[in-house]
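# Examination of the molecular architecture
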Amino acid sequence: MQSRPRTVISSYANEYISIPKYPGLALHRSTRHVSPYVRAQRAAAAGVHRRIPPSRCVSRALGDTVDAQTGAVGMQHIHGSGHLLRILPALFLRYTLGFIEVQHDQGSAQRNKSHVNDAMLMRHIIAVCVLVSTLVLLCSGALSMPVKLQTLSRTSAYIRPKFSSEALPFHDIRVQSRHGKVEQVHLSVLRYDRVVIGFLRDINDLPNTELPMQATLRYGTNASHLDHEMVLNARVYSGMQEYNSYLWNPPMGAPALNRSEVAAFMNTASWAEPWWYVYRNTTVADIPENRSVFAVYNNPTALYQSPLVFQAKLDNLLPQTTYYYDIDGEFSGNFTTLPEPGIQDRPMTIGLWADVGQTNISVMNMEYMLNKVNPDFVMLHGDLSYADAYWPLWDTWQRLMEPLFSTKMHLWCNGNHEFNSGNENNVAYMFRFATPFEESESPTFEYHAFEAGLVHVITLASFARFDKQSVQYRWLMRALERVNRTRTPWLVVQFHVPWYCSVLGTGSRLLMREAMEDLIYKYGVDLILVGHVHVYERTYPVYNNQTNPCGAVQLVLGDAGNREGPSLPFIDPQPSWSAFREGSFGVGKLVVYNHTHAYFEWNRVACEYSNSSTCATPGDNSAQSHIASDSTWLVRNTTQCPNRLMPTERL
Ligand SMILES: [Fe+2]
């Protein structure tokens, strides 16, 4: 049996709302032929704030709110209605007890029989009326529940088992080359109407007379008639292999290489002259158990040649439209475009994950993202394949992720594993994944901006200069100035290394925070999404190391299953800005309902093993099971936090 999701309102805008058990139902319930969702949208457009009606009376009773300043869970009244709620139960008890007293009097004295009966009847009617009125008011959303101030446990009791992940077979068919056929298909979103379809061809097993440098992609909105055609030219890149000890000694997952294989790659004696300085008769004894070794640049046996890389930029697409595509008759798929900025006629679901890697848990999260989160698009906050310059791992990773990547568009962000964990220097990242930097007037693929529906996303680079003299900082100022909060009220920023994280000994980017946080606060960023540290942690709205109702909520979503395992322990005591933390694997789900309300859920991997005897969650034997171990409503209140308005509206 799965444990009950912990549902807490993060009322960082200091606005009371209910906790619908099924948020979608509440938002779609129709009244007078106009759904609350539509009415809320209209109200938001008119500058009027309305509360979402509760879907269940019981959800009102479960409601609590979080004081952004103190971190305590408590009551927030609006319109003074809490006083009414105090009075009504008291009235009910008074008349009910009075009724009992009357019954006692009736039995003991039997006097004034008619008068007593009348009084008893009247009190009974009044008591029922008070009770019904109380329930009606509760269910109508007119009251807030007075909850005594209390501090909930803000750290999950869940501790991930320390033993290794079930081995992912790297010779599994899912990561095998397709021998010249189209593979590693992936979608990158640049605008609501612009998508890049990327794919590769591995030519290693083709006869050397074959070099399929061109590919033809056809696409259209009619699956049986693809009326657009593009002829694409290939690119290729090279890299010198590096051999990180994780390859043969990973804390999680199966080894990608063994030490004797590495020794063979490192051995230069087979081709170098004995007098040459690179001459080295490397054996397995020369490959340490826990230390990386590096091939010299002039070792040809350690040269990697990428598969042929193709990218097709599909432009002028229709919004919210399903497109079908076919690549040389070898691969076909489909995807659905996003709504135009400022337009949203249904909730938008965004998948969130980071630090993915390629263990069996990575696969579980990928499948969960595809089948259960089923997002409109996905944001990946850095650390993708964990190839670390053993370049073939980029190919195995993209083959493994293809079921998700070929149908769900991604908005990419790079991490240290794309940059310098191994001498990657963004080469594979840059060649393989398209980012909307040209669309957002950024001078580099590393940072960019994007908008669709009610969401504006700014992606920053933790590994590009960020000081106030840097290009990135200056670009960020301009990018923030360009955000139209009327059109896209939700301002989300993603990058890789957290500014706030309470794991002991992990490197938060304090200098980046010091440089950029004032800017982020000034423009009222709602949400910051990061990875890097292999845990889940949610902050209260925070600014300058203090909880602040007008600061941004930061989510560390740093463990989608990579081979390094979780980062623990947490520091003790838990910082005041830390709302919830858990050393678990999983993925995030963000649902943007309207201009003021969004819902976030952390879906922890409940069972890390397909083997029931080692399942981490008692009673749950499903290898694919996730549970929502933390969730929160995000509420925008521009009255209290005018920094969330456009600068021209802040007067
Ligand atoms: Fe990282």
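Just so it is clear, the model here is predicted, and its values are computed rather than measured.

### Section: the overall build of the protein chain
Of regular secondary structure, the protein chain possesses 12 helices and 30 strands. For the protein chain, long-range pairs separated by at least 24 residues make up 74% of all intrachain contacts whose partners lie at least 6 apart in sequence.

### Things to note about the sheet that holds strand E7 (residues 214-220)
The strands that make up a sheet pair up through hydrogen bonds in the backbone, lying either parallel or antiparallel. Taken together, four strands build an open sheet; the order of strands is E8-E7-E14-E15 and the sheet is antiparallel. Of all strands in the sheet, those bounded by a partner on one side alone are strand E8 (228-233) and strand E15 (331-336). Averaged over all adjacent pairs, the angle separating strand axes in this sheet is 25°, with direction ignored. Across six bridges, the pairing between E7 and E8 is antiparallel. Within the sheet, the bridge partner assigned to Thr 216 lies in E8 and is Val 231.

### Some words on the packing of helix H7 (residues 360-373) against helix H8 (residues 392-405)
Across the interface, H7 lies against H8 with an axial gap of 9 Å and an inter-helix angle of 15°. Judged on the interaxial angle alone, H8 and H7 are roughly parallel. The crossing of H7 and H8 is right-handed. Between H7, through Val 363, Met 366, Met 369 and Leu 370, and H8, the contact on the second element is made entirely by Leu 400, Met 401, Pro 403 and Leu 404. Here the residues of the contact of H7 with H8 sort into eight nonpolar, no polar and no charged.

### Digging into unusual backbone geometry
Leu 568 connects to Pro 569 through a cis peptide bond whose omega is 10°. Relative to the helices and strands, Pro 569 resides in the loop between strand E26 (553-557) and strand E27 (578-583). The peptide bond linking Asp 572 to Pro 573 adopts the cis configuration, its omega dihedral lying at 5°. One can find Pro 573 in the loop between E26 and E27. Positive phi values are uncommon outside glycine, yet His 179 reaches one of about 55°. Mapped onto the elements of the fold, His 179 is located in the loop between strand E4 (155-159) and strand E5 (182-191). One non-glycine residue, Tyr 386, lies in positive phi territory at about 60°.

### A look at helix H11 (residues 471-482)
Counted at 1.5 Å a residue, the expected span for H11 with its 12 residues is 16 Å, and the 17 Å between its end C-alpha atoms agrees. The inward-facing, buried residues of H11 contact strand E19 (448-452), strand E20 (455-459) and helix H12 (510-522).

### Some points on the pairing of E19
Counting buried positions along E19 yields five of five residues, so the element is predominantly enclosed. Going residue by residue along E19, you find His 448, Phe 450 and Ala 452 tucked away on one face and Ala 449 and Glu 451 tucked away on the opposite face as well. Looking at chain direction, E19 and E20 are connected through five bridges and run antiparallel. Note on E20: the bridge partner recorded for Ala 452 is Val 455. Following E19, the chain reverses through two residues before pairing antiparallel with E20; Gly 453 in that reversal takes a positive phi of roughly 55°.

### Digging into the environment of Ala 461
Relative to the helices and strands, Ala 461 is located in the loop between E20 and H11. Distance in space between the C-alpha atoms of Ala 461 and Glu 446 is 5.7 Å, their sequence separation being 15 residues. With residues near it in sequence (within four places) discarded, Ala 461 still touches Asn 414, Glu 446, Tyr 447, Gln 472 and Phe 495.

Procedures and definitions
Residues numbered from 1 in each chain as written. Predicted model: local features only at pLDDT ≥ 70, side-chain atom pairs only at ≥ 80, totals over all residues. Helix = DSSP H or I, 4+ residues; strand = E, 2+ residues; numbered from the N terminus. Contact = placed C-beta atoms within 7 Å. Pairing = 2+ DSSP bridges. Axes fitted to C-alpha atoms, helices over the stretch in contact; angles between N-to-C directions. Parallel < 35°, antiparallel > 145°, perpendicular 65-115°, else oblique. Left-handed = near helix turned anticlockwise from the far one by under 90°. Nonpolar A, V, L, I, M, F, W, Y, C, P; charged D, E, K, R; others polar. Expected span 1.5 Å × (residues − 1). Buried ≥ 20, exposed ≤ 12 C-beta atoms within 10 Å, placed from the backbone.

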